[in-house]
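A closer look at the structure
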Amino acid sequence: SAESFEDGGVRLSDGSMAPEAMVIWGAGVTPGAAVAGMEASKAAMGRLGVDARLRVNGNPRVFAAGDVAGAVRPGDETPLRLSVQFSRGGGACAADNVLRTLQGRPVRVFDPADPGYVIPLAPGDGAGVILGHELRGRVPILLHYFMSIYRSWSWGNRWGMLRDLMSHGTKG
């Protein structure tokens with residue numbers, strides 16, 4: 001079994017190293033106890049039910065965005081997938097709608113564009129759907145790094161991701 005994850009591989013419980021091992025890690029994606037305890041309608045995965053303007057159903061002065069909100073694009077029936085692009089766009093829309101509500105102005109509909117998604121698989125390899133096209137290999141992983149670097153908050157993080165891309169991201 002895995003003992004620790006180190007640069008270049010996984011250290012096994014017997015002390016040996018498994019170089020270039022693929023590690024899959026899953027984190028919880030359900031809203032926390034505070035949301036679970038709210039008396040509000042819920043969407044799939046315990047997410048808050050929201051209308052097209054990201055108002056929590058039944059309360060026109062409470063907004064929710066990001067992974068905690070079960071936002072549905074106009075014309076669709078299922079909530080948007082969990083993703084950074086929808087969380088960022090939803091947060092901006094919800095914040096704008098809070099200001100609009102306070103100013104007595106009409107709130108706007110959250111109708112995000114969906115450029116697709118990328119799943120990094122291994123050094124130099126990825127898969128995803130980009131602009132409606134299924135892709136696999138180097139193009140998706142390069143797009144993943146590009147977007148990660150673009151969205152990063154600091155130059156230190158950007159340089160670190162660029163170093164990672166140069167040393168690991170293009171193997172294959």
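Refer to the structure presented above.
First, a word on what this report is: a plain description of the structure on this page. Just so we're clear, the structure is a prediction, and the values are computed from it rather than from any experiment.

1. A look at the overall build of the protein
A tally of regular secondary structure across the protein gives four helices and six strands. Helices and strands appear in the protein in the N-to-C order β-β-β-α-α-β-β-β-α-α. Of all 172 residues assigned to the protein, the portion counted as buried reaches 25%. Contacts in the protein between residues far apart in sequence, at least 24 positions, make up 33% of those at least 6 positions apart.

2. Things to note about a nonpolar patch on the surface
A grouping of W155, W159, L162 and M166 is seen on the molecular surface, where their side chains present a nonpolar patch of about 510 Å² in accessible area. Along the chain, the position of W159 falls in helix α4 (residues 155-169).

3. Points about unusual backbone geometry
Positive phi outside glycine occurs at L54, with the angle close to 70°. Within the secondary structure layout, L54 lies in the loop between α1 (33-36) and α2 (84-103). Positive phi values are uncommon outside glycine, yet L131 reaches one of about 50°. Note that L131 resides in the loop between β5 (125-130) and β6 (133-137). The class of L131 is exposed, set by a relative accessible area of 65%.

4. A short note on the pattern of salt bridges
Side-chain pairs of opposite charge can arise where the charged atoms are in close proximity. Scanning the model with the defined rule gives six salt bridges in all. Within the structure, one salt-bridge network assembled from shared partners comprises D96, R100 and R108.

5. Let's talk about helix α3 (residues 138-151)
When the terminal C-alpha atoms of α3 are compared, their 20 Å separation across 14 residues agrees well with the 20 Å that a helix rising 1.5 Å per residue should span. For α3, the full list of buried residues reads P140, I141, Y145 and I149. One side of α3 holds all its buried residues, which, seen down the axis, span an arc of 170°. Exposed residues on α3 whose side chains face more than 90 degrees from its buried face are F146 and Y150.

6. Some points on the sheet that holds β6
Pairing in this open sheet of three strands is antiparallel, and the strands run β4-β5-β6 from one edge to the other. This sheet does not close on itself; its edge strands, each paired only once, are β4 (116-122) and β6. With direction set aside, neighbouring strand axes in the sheet form an average angle of 10°. Contacting β4, β5 and β6, α3 runs over the sheet at an angle of about 95° to β6.

7. Observations regarding the packing of aromatic side chains
Here a ring pair, both rings aromatic, is described through the centre-centre distance and the interplanar angle of the planes. Taken as a whole, this structure holds one aromatic pair when the rule is applied. For the ring pair F146 and Y150, a centre distance of 6.4 Å and an interplane angle of 10° mean the geometry is stacked. Remark: Y150 and F146 occur in helix α3; sequence separation between them is four residues, near one turn of the helix. Classification of F146 as exposed rests on a relative accessible area of 51%.

Calculation notes
As a convention, each chain's residues are numbered from 1 in the sequence order in which they are written. With the structure being a predicted model, the display of local features is reserved for residues of pLDDT at least 70 and the display and counting of side-chain atom pairs for 80 or more, all residues being used for whole-chain, interface and lining totals. Heavy atoms from the whole structure form the basis of all side-chain values; hydrogens and water molecules are not counted. A run of DSSP states H or I qualifies as a helix once it reaches four residues; a run of E qualifies as a strand once it reaches two. Both are numbered from the N-terminal end. Here the term buried applies to any residue with accessible area under 20% of the maximum for its type, exposed to any over 50%, and partly exposed to those in between, with areas from a 1.4 Å probe on protein chains only. Two residues qualify as a contact provided that any one of their heavy atoms is within 4.5 Å of a heavy atom in the partner residue. Grouping into patches uses exposed residues only, defined as over 30% relative accessible area, and leaves out salt-bridged ones; the cut-off is 9 Å for like charges and 5 Å for nonpolar side chains (Val, Leu, Ile, Met, Phe, Trp, Tyr). The protein chains shown are the only cover counted for residues, whose accessible areas, like all others here, come from Shrake-Rupley with a 1.4 Å probe. A pair is scored as a salt bridge if a Lys or Arg side-chain nitrogen falls within 4 Å of a carboxyl oxygen belonging to Asp or Glu. A helix is expected to span 1.5 Å multiplied by its residue count minus one. As used here, the arc is the angular range of directions from the helix axis to the C-beta atoms. Any two strands with at least two DSSP-identified bridges between them are counted as paired. Note on method: axes are straight lines fitted to C-alpha atoms, helices fitted across the in-contact stretch only, with angles between N-to-C directions ranging 0 to 180 degrees. Pairs were defined over the aromatic rings of Phe, Tyr and Trp, the Trp ring being its six-membered one, requiring ring centres within 6.5 Å. Orientation was assigned from the angle between planes: stacked under 30 degrees, edge-to-face over 60, tilted for the rest.

Coordinates in, geometry out; function isn't part of it.
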